[in-house]
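Inside the fold
Residues per chain, in single letters:
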Amino acid sequence: MVWKAILDTYHLEGDSFMDSLIDQFIHFLSVEKGLARNTLESYQRDMVAYTSYLNEQGVTRIEESARTHIIGYLLVLREKGRATATLSRNMASIRAFYQFLVRDKLIDKDPSIHLETPKIEKRLPKVLSVDEVERLLDSPPVNHPAGLRDKAMLELLYATGIRVSELVNLDKADVNLDMGFVKCMGKGSKERIIPLGSVAIQMVRHYLQAGRPKLVKGSGDSALFLNHLGKQITRQGFWKIIKRYALKANIRAEITPHTLRHSFATHLLENGADLRSVQEMLGHADISTTQIYTHVTRTRIKDIYAKTHPRA
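- The protein chain appears in an unreviewed UniProt entry as Tyrosine recombinase XerD from Brevibacillus parabrevis.
- Database annotation for the protein chain, UniProt heading Function (unreviewed entry): "Site-specific tyrosine recombinase, which acts by catalyzing the cutting and rejoining of the recombining DNA molecules. The XerC-XerD complex is essential to convert dimers of the bacterial chromosome into monomers to permit their segregation at cell division. It also contributes to the segregational stability of plasmids."
- Here the protein chain is described in UniProt, under the heading Subunit (unreviewed entry), as follows: "Forms a cyclic heterotetrameric complex composed of two molecules of XerC and two molecules of XerD."

Written out as structure tokens, the structure reads:
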């Protein structure tokens with residue numbers, strides 16, 4: 001293959017060699033797999049860390065790496081106190097990297113074959129009660145532009161269950177308030193349409209009329225939700241927003257933007273929504289991912305029974 005010939009011609013070693021392979025790998029994931037930017041960045045971070053470890057072990061060419069190096073790297077991560085989920089993700093990144101190298105005939109053997117991925121303990125997602133959600137959504141003041149924006153964002157997040165990255169990447173054109181739906185681009189660049197409730201429609205409309213025009217600077221940005229500089233609000237910016245309002249609403253549970261996504265799915269299922277519809281709205285490729293919320297609803301039902309039944 002041309003790429004291998006180039007590498008062999010220049011005899012790239014060390015950081016230059018590894019960086020070249022990582023760049024080619026990320027390009028492959030972007031162009032042929034269509035992975036999202038955040039996912040690509042995660043793969044790149046994992047592979048930069050892994051190849052740095054290989055260099056520390058004296059491995060300057062990827063074909064010199066072996067099964068023992070992968071195991072050694074995972075042990076180093078474990079010794080550093082990394083969570084099982086982090087180890088599992090790194091193993092998945094390493095496996096995908098070697099599969100790419102074999103596919104493009106840059107190496108002959110895949111040393112990651114038959115290596116077991118660290119098993120992740122499945123934890124039930126943390127969800128808020130309906131009362132806690134209402135307190136959270138009622139927290140932003142609506143007498144100034146930033147408050148209108150914050151309330152519109154929270155209402156939209158809970159109304160649709162979209163991911164925070166999908167929320168902050170919305171453009172004005174992605175929301176159709178007359179028809180009552182939002183269009184978003186999910187993982188793998190897959191587009192989906194999600195219905196909007198009347199409260200979310202009302203709040204987004206109010207924000208567009210009275211809030212967003214005061215946040216726009218100059219020619220403006222096409223993003224739906226803007227920060228004080230008139231630019232698209234960031235994930236980190238929204239993280240701080242939700243933390244602040246959770247504190248104001250006196251919600252003691254640890255809360256993240258994903259908590260509202262979990263709460264959205266759980267509350268739908270508790271009120272009779274079918275699993276397949278919830279899967280579609282969440283954008284899960286596999287329904288088994290959505291099924292964890294059925295365990296949450298069963299657990300909550302048991303708790304309610306234990307607290308309310310006189311003979312429990």
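Re the overall build of the protein chain
- Scanning the protein chain from N- to C-terminus turns up 14 helices and three strands.
- Across the 312 residues that make up the protein chain, the buried fraction comes to 43%.
- Counted over contacts in the protein chain with a minimum sequence separation of 6, partners at least 24 positions apart contribute 59%.
- Total accessible area on the protein chain is roughly 17,500 Å²; 52% of this is exposed by carbon and sulfur atoms.

Considerations on the side chain of His284
- Turning to its location among the elements, His284 is positioned in the loop between helix H12 (275-282) and helix H13 (287-290).
- Within the structure, His284 has its side chain in polar contact with the side chain of Arg261 (distance 3.5 Å).
- Among all residues touching His284, those that are not within four sequence positions of it are Arg163, Arg261, Gln279, Thr289, Thr290 and Tyr293.

Some thoughts on the packing of aromatic side chains
- The final tally for this structure, using the stated rule, is nine aromatic pairs.
- Between the aromatic rings of Phe25 and Phe97, the centroid separation amounts to 5.2 Å while the plane-to-plane angle is 65°, which identifies the pairing as edge-to-face. Of this pair, Phe25 sits in helix H2 (residues 14-31) while Phe97 sits in helix H5 (residues 84-103), and the two are 72 residues apart along the sequence.
- Under the relative-accessibility criterion, Phe25 is labelled buried at 0%.

Side note on the pattern of salt bridges
- According to the stated counting rule, one finds 13 salt bridges in the structure shown.
- Notably, a salt bridge pairs Arg135 with Asp131, separated by 2.7 Å at the nearest N-O pair. One end of the pair is Arg135 and the other is Asp131, both in helix H6 (residues 130-137) and four residues apart, which spans about a single turn.
- In this structure Arg135 comes out as partly exposed when scored by relative accessible area, which is 31%.
- Exposure remark for Asp131: the relative accessible area of 44% places this residue in the partly exposed category.
- Measuring nitrogen to oxygen at the nearest pair gives 2.6 Å for the salt bridge that ties Arg163 to Glu166. This pair shows no difference in class: Arg163 is buried, exactly as Glu166 is.
- A single salt-bridge network, built from bridges that share partners, covers Glu32, Arg103 and Asp104.

Overview of the nonpolar core
- Core analysis: the biggest nonpolar cluster contains 48 residues, and Leu136, Leu167, Phe225 and Phe238 have the highest contact counts within it.
- Those elements giving two or more residues to this core turn out to be H6, helix H7 (145-160), helix H8 (164-168), strand S2 (181-185), helix H9 (198-215), helix H10 (235-248), helix H11 (257-270) and H12.
- Every residue in contact with Leu136, bar those within four places of it in the chain, is listed here: Leu128, Leu154, Ile242, Tyr245, Ala246, Ala249, Ile251, Ile255 and Leu260.
- Core analysis: the next-biggest nonpolar cluster, separate from the first, contains 30 residues, Ile22, Ile26, Ile62 and Leu106 among them.

Some words on helix H4 (residues 67-79)
- Taking 1.5 Å per residue as the helical rise, H4 with its 13 residues ought to reach 18 Å, and the 19 Å between its terminal C-alpha atoms agrees with that figure.
- Burial in H4 covers these residues: His69, Ile70, Gly72, Tyr73, Leu74 and Leu77.
- Against helix H3 (37-56) and H5 lie the buried residues of H4.
- Downstream of H4 by a residue or two, Gly81 has a phi angle that is positive, lying close to 85°.

Focus on the packing of H4 against H5
- The N-to-C vectors of H4 and H5 enclose an angle of 155°; their axes lie 10 Å apart at closest approach. As summarised for this structure, H4 and H5 are arranged roughly antiparallel, according to the angle between their axes. Of the two possible hands of crossing, H4 and H5 adopt the one that is right-handed. Of the residues in H5, those in contact with Ile70, Tyr73, Leu74, Leu77 and Arg78 of H4 are Leu87, Asn90, Met91, Ile94 and Tyr98.

Quick word on the environment of Leu247
- Of note, Leu247 is situated in helix H10.
- Accessibility expressed as a relative area gives 70% for Leu247, which makes it exposed.
- Sequence separation of Leu247 and Ser139 is 108 residues, and the distance between their C-alpha atoms is 9.5 Å.

Calculation rules
- Residues numbered from 1 in each chain as written.
- Predicted model: local features only at pLDDT ≥ 70, side-chain atom pairs only at ≥ 80, totals over all residues.
- Heavy atoms only, no water.
- UniProt positions renumbered as here; feature names shortened; annotations may be inferred.
- Helix = DSSP H or I, 4+ residues; strand = E, 2+ residues; numbered from the N terminus.
- Buried < 20%, exposed > 50% of the residue type's maximum accessible area, 1.4 Å probe, protein only.
- Contact = heavy atoms within 4.5 Å.
- Areas by Shrake-Rupley, 256 points an atom, 1.4 Å probe, with all protein chains shown as cover.
- Polar contact = N/O pair within 3.5 Å; in protein donor to acceptor, adjacent residues only side chain to side chain.
- Phe/Tyr/Trp six-rings, centres within 6.5 Å; stacked < 30°, edge-to-face > 60°.
- Salt bridge = Lys/Arg side-chain N within 4 Å of Asp/Glu carboxyl O.
- Core = buried A, V, L, I, M, F, W, Y, C linked by side-chain atoms within 4.5 Å.
- Expected span 1.5 Å × (residues − 1).
- Axes fitted to C-alpha atoms, helices over the stretch in contact; angles between N-to-C directions.
- Parallel < 35°, antiparallel > 145°, perpendicular 65-115°, else oblique.
- Left-handed = near helix turned anticlockwise from the far one by under 90°.

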